[in-house]
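Examining the three-dimensional arrangement
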Amino acid sequence: MYQPRSERIPLIFEQGQPGRANRYLPSDAQLSDYLPAENLRAELPLPESTELDVVRHYTRLSQRTFGIDTGFYPLGSCTMKYNPRVNDAVANLPGLRDLHPFAPDELSQGALRIMYELERSLASLFGMAAFSLNPAAGAHAELAALLIAKKYFSDRGELNRQTVIVPDTAHGTNPASASMAGFRVVSLKSDERGRVGVDTLRAVLGDDTAVCMMTNPNTLGLFEDHIAEIARAVHDAGGLMYYDGANANALMGIARPGDMGFDLMHLNLHKTFTIPHGGGGAGAGPLGVAEHLVEYLPTPVVRAIAKDGSTANEDSRTYWLDFDVPKSIGPMRSFWSNFAHIVRALAYLYANGLEGLTDVSRLAVLNANYVRVKVAPFLETPYPEICQHEFVASAQELKKQSGVRAVDIAKALLDRGFHAPTMYFPLIVPECLMIEPTETESKETLDQFIAALEDVVATAKRDPQQILDAPQRTVVARVDETRAARQPDLRWRAPAGVT
Ligand SMILES: *Cc1c(COP(=O)(O)O)cnc(C)c1O
C-alpha cells in the first residue's frame, strides 16, 4: 500500500516508445484482429508500451488510494462494509447486464421480477406499504419525498404547510433537500442525551408543519427512544414523519420505521446493502411510503398481475411498468433505476435472508459497542451509553492538552494503515470523530485499530509534532483542501520530451 512519494506518475501514454511492444502476439498481428475496426481511429495513435509496463502502471495507480479492499474503513455514517464479490458476479450475468432499458416488458420479465421482489422485500423489512426504486441516491430520495409531501398537502388544500423540522444532528442533505423542495427549514436543538426532546419539538410544531425529518438511530449512534411520542406529536399537528434510513445497518430484522410511525423513508442501497461506494460512484436510494402516500411515488411503478388477474401465484405473474399514475410526482431520473444495484441488493438480501440480515445488524451494533468501550479510557466519548451501529468520540480534551485535533488523529491513522473515521460531523460534537466499524470486520482488525488509535493519542501527548506532521507514509502528504476545491488544476500538460 505504501509507495515512495513522487511528484507525479507519468501517464501510460507518456511512457511508450514507437516500436516498443511485447512479443506475446504474432509479429504480423494487426490491431484490427483484436479490436473492432470502427473503434480504431488513425488520429488517435495508441501508445506503444509493453504489457509489463501497462500492468505495473495500473497496479500502482490502484494502490495510490485507500479502499475497503486494502484496509479497515470506519467512516461513520457511510457503512463501508465488505461487498461480497458474488453480488457483482450476479449483476454481471449477461441476461441482466446486456438488457436494454427500452426492451419491451414481455422481454424483460426477469428484470422486472427482480425489481418487484426487491421492492416487496424492502417494504416488509422496513414496514412500509410500498417503495420506489427510482431515486439514484439518498439525497435524491429525500428530494423525491419532499416533493411528495408538497403534492400531498397541496391536494389537501393545506398550502400553509411550508416548514420542515430537522434536528441539529441531521446529515446536511436533510436541510438541503428541504430547501431545494422549497420548504423553510427549522433546526431542532438536541437535548443533553443527544436526542430530540419531545417538548422542544412541540414548541416548533404548528399548522405550518409539513415534515419532521429524523434519523434513527441518529448520527450520534443513539436510538431516539421517544420516537413513538415524537411521531404522535407530529401527526397530531398534521405533519408527516420522514425517516432518513441511509444507515439502516442497526435496524434490519430488529425494528421497522413503519412501526415507529414514519410516513416516508429512504434507504441507501450503497451503504446498508453492500454496493461498492466511496469513490462517488453510482448509488441507489429507494424511497418507501406508508399507504396514504403510495399513489404519489415516482413512475414507472413495477406492477405484477397473474394471468387470472390475481397477484397470489408467483410463477404465473406477468410484470409490467406502469407509467400512468395520475397523482405520481413523475420520474426522478432517466430510465427506471440503477438496475445493476437493484440486482446486487436483491442478491445480498436473498443470500442473507431475514435471519442473516438480523445477524448483520446485531453484529454491527456489537462491533460498534466493543470499539466504543475500548476507546473510552483514552479518548472522550461524549455519549457514554449503549450505541447502535456507530458512536462518536471527541478530541476536544486532547486538543486542549496537546494542540492535536481530530483532523490530525485522522491523518496519523492513515500512517498506521487505517482509513480515517468521519470528522467534524455531527456538528454538535466539538473535534468529533465518528466511528462505524460495520459487521464485516474481525475482532483482530478491531483490536488493531483500537491499538493504533491509542498509540496516536499517546504519541500526541508525548510528541505532538509527530502527529501534526502526519501523514508521512502515504503517497500524498496533507493536501490543501481549500485550494483543491477553489483552484482545481485538472488539465493534462505534456511533460518535457513528450509530444
Ligand atoms: C449518506 C447519508 C445521506 C446521503 O446519501 P447520499 O446517497 O450520499 O445522497 C443522508 N443521510 C445520512 C444519515 C447519510 O449517512
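Residues numbered from 1 in each chain as written. Predicted model: local features only at pLDDT ≥ 70, side-chain atom pairs only at ≥ 80, totals over all residues. Heavy atoms only, no water.

1. Topic: the overall build of the chain
Of regular secondary structure, the chain possesses 18 helices and twelve strands. Against the 2.2 N^0.38 benchmark of 23 Å for 499 residues, the chain shows a C-alpha radius of gyration of 26 Å, consistent with a compact globule. The dimensions of the chain, computed from C-alpha atoms along their principal axes, are 75 × 70 × 45 Å. Here the chain holds 499 residues, and 48% of them are scored as buried. At a minimum sequence separation of 6, the contacts of the chain that also span at least 24 residues come to 72%. A total of about 24200 Å² of accessible surface is found on the chain, and carbon and sulfur atoms cover 54% of it. (Helix = DSSP H or I, 4+ residues; strand = E, 2+ residues; numbered from the N terminus. Rg over C-alpha atoms; globule rule 2.2 N^0.38 Å. Buried < 20%, exposed > 50% of the residue type's maximum accessible area, 1.4 Å probe, protein only. Contact = heavy atoms within 4.5 Å. Areas by Shrake-Rupley, 256 points an atom, 1.4 Å probe, with all protein chains shown as cover.)

2. Focus: the site of the ligand
In the neighbourhood of the ligand, 13 residues make up the surrounding shell, with S77, G138, D244, H270 and K271 lying closest. At 2.6 Å, a side-chain N or O of D244 approaches a nitrogen atom of the ligand. Side-chain polar atom of H270 to an oxygen atom of the ligand: 2.8 Å apart, as the coordinates give it. When the ligand is considered free in solution it has 380 Å² of accessible area, and contact with the protein chains removes 87% of it. (Near = heavy atom within 4 Å. Polar contact = N/O pair within 3.5 Å; in protein donor to acceptor, adjacent residues only side chain to side chain.)

3. Quick word on a nonpolar patch on the surface
A surface patch of nonpolar side chains, amounting to about 480 Å² of accessible area, comprises L25, L31, Y34, L35 and L46. Within the secondary structure layout, L35 lies in the loop between α2 (31-34) and α3 (51-62). (Patch = residues over 30% accessible without salt bridge, like charges linked within 9 Å, V, L, I, M, F, W, Y side chains within 5 Å. Salt bridge = Lys/Arg side-chain N within 4 Å of Asp/Glu carboxyl O.)

4. Considerations on the packing of helix α6 (residues 109-126) against helix α13 (residues 339-375)
Where α6 meets α13, the closest approach of the two axes is 10 Å, and the angle between their N-to-C directions is 45°. Put simply, α6 runs oblique to α13. Considering only the axes of α6 and α13, their crossing is left-handed. The segment α6 lies against α13, with A111, I114, M115, E117, L118, S121, L122 and L125 engaging F339, I342, V343, A345, L346, L349, Y350, L354 and L357. Partitioned by chemical class, the residues of the contact of α6 with α13 number 15 nonpolar, one polar and one charged. (Axes fitted to C-alpha atoms, helices over the stretch in contact; angles between N-to-C directions. Parallel < 35°, antiparallel > 145°, perpendicular 65-115°, else oblique. Left-handed = near helix turned anticlockwise from the far one by under 90°. Nonpolar A, V, L, I, M, F, W, Y, C, P; charged D, E, K, R; others polar.)

5. Some thoughts on the side chain of S132
Inspection of the secondary structure assignment puts S132 in strand β1 (residues 130-132). Within the local environment of S132, its side chain forms a polar contact with the backbone nitrogen of N134, the two atoms lying 3.2 Å apart. If near-sequence neighbours (up to four positions away) are discounted, S132 is found in contact with P286, L287, L297 and P298.

6. A few points about the pattern of salt bridges
Under the criterion given, the structure shown has 24 salt bridges. The shortest N-O distance in the salt bridge between K327 and D155 comes to 3.9 Å. Residue K327 is found in the loop between β9 (317-322) and α13, and its partner D155 is found in helix α7 (residues 138-155); the two are separated by 172 residues along the sequence. Taking relative accessible area as the criterion, K327 reaches 34% and is therefore assigned partly exposed. Look at D155 and you get partly exposed, because its relative accessible area is 43%. One salt bridge connects E397 with K400, and the closest N-O pair in it is separated by 3.4 Å. With E397 and K400 both in helix α14 (residues 396-402) and three residues apart, this pair spans about one turn of that helix. The network of salt bridges with shared partners includes R193, R195, D225 and E385.

7. A word on unusual backbone geometry
Cis geometry is found at the peptide bond from T299 to P300, where omega equals 0°. Here the amide bond leading from A470 into P471 is cis, since omega sits at 0°, within 30 degrees of zero. Tracing the sequence through the fold places P471 in the loop between α17 (464-468) and α18 (481-486). Positive phi, close to 50°, is recorded for T274, a residue that is not glycine. Along the polypeptide, T274 turns up in the loop between α12 (269-272) and β7 (287-289). Under the relative-accessibility criterion, T274 is labelled buried at 2%.

8. Let's talk about the sheet that holds strand β10 (residues 391-394)
Here we have three strands laid out as an open sheet, ordered β10-β12-β11, and antiparallel in their pairing. Of all the strands in the sheet, the pair left with one neighbour each is β10 and β11 (422-423). Of the pairings in the sheet, the one linking β10 to strand β12 (residues 432-435) comprises four bridges and is antiparallel in character. Opposite S394, over in β12, you have C432 as the bridge partner. (Pairing = 2+ DSSP bridges.)

9. What to know about α7
An ideal rise of 1.5 Å per residue puts 26 Å on 18 residues; α7 measures up with 26 Å between its terminal C-alpha atoms. Burial in α7 covers these residues: G138, A141, E142, L143, A144, A145, L146, I148, A149, Y152 and F153. Of the residues trailing α7, G157 is marked for its positive phi of about 75°. (Expected span 1.5 Å × (residues − 1).)

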